[in-house]
Amino acid sequence: MTVDQSLDLPFSHVPVLPQEVVEGLAIHPGGHYLDATVGGGGHSRLILEAAADVKVTALDQDQWAIAAAQKNLAEFGDRVQFHHTNFAAFDPKDLKFDGILADLGVSSTQFDVAERGFSFRHTAPLDMRMDQRQTLTAADIINHWEEVKLANTFYTYGEERLSRRIARQIVGQRPFETTTELADAIARCVPKAYRYGRIHPATRVFQALRIAVNQELDVLESFLAKAPTWLKPDGRLVVISFHSLEDRIVKHRLRENELVRVLTKKPILPTDAEMSENSRSRSAKLRIAERKPSDDA
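Residues numbered from 1 in each chain as written. Predicted model: local features only at pLDDT ≥ 70, side-chain atom pairs only at ≥ 80, totals over all residues. Heavy atoms only, no water.

This brings us to the overall build of the protein chain. Secondary structure summary: the protein chain contains 14 helices and seven strands in total. For the protein chain, whose C-alpha radius of gyration is 20 Å, the value lies close to the compact-globule estimate of 19 Å for 297 residues. Principal-axis analysis of the C-alpha atoms places the extent of the protein chain at approximately 60 × 40 × 40 Å. The buried share of the protein chain, taken over its 297 residues, is 53%. Mean positive and mean negative side-chain charge positions of the protein chain (38 and 41 charges, respectively) differ by 7 Å. (Helix = DSSP H or I, 4+ residues; strand = E, 2+ residues; numbered from the N terminus. Rg over C-alpha atoms; globule rule 2.2 N^0.38 Å. Buried < 20%, exposed > 50% of the residue type's maximum accessible area, 1.4 Å probe, protein only. Lys, Arg positive; Asp, Glu negative; His and termini not counted. Charge placed at Lys NZ, Arg CZ, Asp CG, Glu CD.)

The domain architecture assigned to the protein chain consists of domain 1 (18–103 + 217–291) and domain 2 (119–213). Distance between the C-alpha centres of domain 1 and domain 2: 30 Å. Between domain 1 and domain 2 we count one salt bridge in total. When the shortest N-O distance is used, the salt bridge between Arg-248 and Glu-159 registers 3.9 Å. Summed over the shared surface of domain 1 and domain 2, the result is two residue pairs in polar contact (both at pLDDT 80 or more). (Domains from an automatic or database assignment. Salt bridge = Lys/Arg side-chain N within 4 Å of Asp/Glu carboxyl O. Polar contact = N/O pair within 3.5 Å; in protein donor to acceptor, adjacent residues only side chain to side chain.)

The next subject is the nonpolar core. In terms of nonpolar packing, the biggest core is built from 32 residues, with Phe-154, Ile-166, Ile-170, Leu-182 and Leu-209 touching the most fellow members. Looking at this core, the element that brings in the most residues is helix α11 (residues 203–214), giving six residues. Here Leu-209 is in contact with Met-128, Ile-141, Ile-142, Phe-154 and Leu-182, once residues within four sequence places are set aside. (Core = buried A, V, L, I, M, F, W, Y, C linked by side-chain atoms within 4.5 Å. Contact = heavy atoms within 4.5 Å.)

Let us now look at the packing of aromatic side chains. Scanning the model with the defined rule gives four aromatic pairs in all. Seen in terms of ring centroids, Phe-120 and Phe-206 are 5.0 Å apart; in terms of plane orientation they differ by 80°. Their pairing is edge-to-face. Remark: Phe-206 occurs in helix α11 and Phe-120 occurs in the loop between α5 (108–112) and α6 (138–144); sequence separation between them is 86 residues. On the basis of relative accessible area, Phe-120 is assigned to the partly exposed category, the value being 22%. The exposure class assigned to Phe-206 is buried, which follows from its relative accessible area of 4%. Here Phe-223 and Trp-230 contribute two aromatic rings whose centre-to-centre distance is 6.1 Å and whose plane-to-plane angle is 70°, an arrangement assigned as edge-to-face. Comparing Phe-223 with Trp-230 shows no difference in burial state: the two are buried. Taken together, the aromatic side chains of Phe-87, Phe-90, Phe-223 and Trp-230 make up a single cluster linked through ring pairs. One Lys or Arg, Lys-149, reaches over the ring of Trp-145 and ends 4.0 Å from the middle of that ring. (Phe/Tyr/Trp six-rings, centres within 6.5 Å; stacked < 30°, edge-to-face > 60°. Lys NZ or Arg CZ within 6 Å of the ring centre and 35° of its normal.)

As a further point, take the pairing of strand β4 (residues 97–103). The buried fraction of β4 is high, at seven of seven residues. Both strand β1 (residues 32–35) and β4 contribute to a ladder of three bridges, which runs parallel. Directly across from Tyr-33, in β4, lies its bridge partner Gly-99. Where β4 lies against strand β5 (residues 231–241), six bridges are found, and the strand directions are parallel. Paired with Leu-101 across the bridge in β5 is Val-238. (Pairing = 2+ DSSP bridges.)

Buried residues dominate strand β7 (residues 285–291), accounting for six of its seven residues. Here six bridges tie β5 to β7, and the two strands are oriented antiparallel to one another. The residue of β7 that forms the bridge with Val-239 is Arg-287. With three bridges joining them, strand β6 (residues 260–262) and β7 adopt antiparallel strand pairing. From the neighbouring strand, Val-262 faces β7, where its bridge partner is Ala-289.

What follows covers the sheet that holds β6. On the basis of which strands lie adjacent, the open sheet formed by seven strands has the order β3-β2-β1-β4-β5-β7-β6 and mixed pairing. The sheet is open, and its two borders are formed by β3 (80–84) and β6, each paired with just one other strand. With direction set aside, neighbouring strand axes in the sheet form an average angle of 20°. Each of β1, β4, β5 and β7 touches helix α2 (residues 18–25); the most contacted strand, β5, lies at about 160° to it. On top of the sheet, helix α4 (residues 63–72) reaches β2 (55–60) and β3; it is set at about 165° to β3, its chief contact. (Axes fitted to C-alpha atoms, helices over the stretch in contact; angles between N-to-C directions.)

In the numbering used here, UniProt assigns the "binding site: S-adenosyl-L-methionine" (unreviewed entry) feature to Gly-41, Gly-42, His-43, Asp-60, Phe-87, Asp-103 and Gln-110. For Gly-42, the position within the fold is in helix α3 (residues 42–50). Given a relative accessible area of 14%, Gly-42 falls into the buried group. Along the polypeptide, Asp-103 turns up in strand β4. For Asp-103, a relative accessible area of 3% corresponds to the buried category. (UniProt positions renumbered as here; feature names shortened; annotations may be inferred.)

As C-alpha cells, then:
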C-alpha cells in the first residue's frame, strides 16, 4: 500500500485524558490553541467544542494524520489551520497561543496499519517513519548500524536489559526485511522465561527503533525549549507522555524553564474508568505548566 492509498483509510483518535486536557488548557471563548500532535483530531475537537469562537492551529508530521484530521474537523471551517510539520520545526513567527497541547503517543491506528511497520503483530517492511519525507527507516538501522550502536540504542531508548545479546543476534542474522522476521529473531535469542514473559521480547526493541528513526527524544527536547516562548502570559502548556523516557524529559525541562511555572507536582493519571474503556490510556501521564506574566519571567 502506498502512503497516498493509506490516506483514504479511517484514522480514529480516541483522546486520552479528555477532561483533564480541557481543564488543563483552561480554554476560554475566543482563545487560540496549538495542537502540536493533532493525530486524527480527537483532542482538537474537544478544544474547539469547549468554548465559543475558539481557534486551533493543528500540527502533525504524519501526512496521513493531517489528511484524517482535515476530514474529521471539516465542520469547523477556518477555525482550524493545519500544518504538515514536526512540532520542533514549527515556526509560529509572531503568533502567541493561549494554550499548547502535545500528545506524544503513537496512534493505535498507526500501529494497526501494517505497512507503517510500527508493530510486529503484522508482517510489514521495517519502516517506522512518522514523516514519510525522511529517508532513515528502521531497516536502515537494523541492517547497517554497528553492533555496539544497536545495543546502546536498545538499552537507552528501549531500556532493554538484554540489549547486547539481541544486537549480537541481529548482526549475525541480518539482513532483515520485515517486522515479523526481526521479532522472531529476537524471541529466539532470549531465555525462555523472558520469551514467554508479560510482554513480547521484541517490544522494547521496537520502541527503541521507533524513537531512533523519528529522533523522538531530540525533537521533544527542542519543542520543550521553544514552546513556552509561543505562549501568551498565563497560557498553558499541557504535555501527555507514554513512557518514562519522555516523562522524565518533560518533568525536568518544565521545571528548569524560567518562563513557566509548573502546575502539576505529580503527573495526572487516567482514572480506572478511562483505562477500562481505553487501554491506550494506561501509561499516559499529563503535566501542565503556565507561562509566567511578562514581569515575572
